[in-house]
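# Structural overview for review
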Amino acid sequence: MKTVCQIMLQTVNEVKDFVNTVNQCAYDVDLLSGRYVIDAKSLMGIFSLDLTKPIDLATDPENADDLLSKIGFCVYKG
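Notes on the structure in this doc start here. (Residues numbered from 1 in each chain as written. Predicted model: local features only at pLDDT ≥ 70, side-chain atom pairs only at ≥ 80, totals over all residues. Heavy atoms only, no water.)

### Overview of the sheet that holds strand E2 (residues 29–33)
- An order of E1-E4-E2-E3 is seen for the four strands of this open sheet, with the pairing classed as antiparallel. Of all the strands in the sheet, just strand E1 (2–7) and strand E3 (36–39) have a single pairing partner and so form its edges. Averaged over all neighbouring strand pairs, the angle between strand axes comes to 30 degrees, with direction disregarded.
- Here E1 pairs with strand E4 (residues 55–59) via five bridges, running antiparallel. What sits directly across from glutamine 6, in E4, is aspartate 56. (Pairing = 2+ DSSP bridges. Helix = DSSP H or I, 4+ residues; strand = E, 2+ residues; numbered from the N terminus. Axes fitted to C-alpha atoms, helices over the stretch in contact; angles between N-to-C directions.)

### What to know about the environment of glutamine 24
- Note that glutamine 24 resides in the loop between helix H1 (12–22) and E2.
- In this structure the C-alpha to C-alpha distance between glutamine 24 and lysine 70, which are 46 residues apart in sequence, comes to 9.8 Å.

### Considering the environment of aspartate 66
- As for its position among the elements, aspartate 66 is in helix H3 (residues 64–70).
- Counting along the chain gives 41 residues from aspartate 66 to cysteine 25, while the straight-line C-alpha distance between them is 9.0 Å.

Here it is as structure tokens:
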């Protein structure tokens, strides 16, 4: 797994849309926040993170382009 980008999930609807999108992927996607690693397909896991800060998103490099095309709405550009 390699960090692909950072994301920001600012509303409950963004979190739900993100989880629904990532659940359609057949590959693993993780979120990294400090020392925590959360399965990106876990709604409860995401809500356990500090969503006021950008979160690192990690997946296998061969899946990165596919994933980024699906989650463009929440990629952090700051």
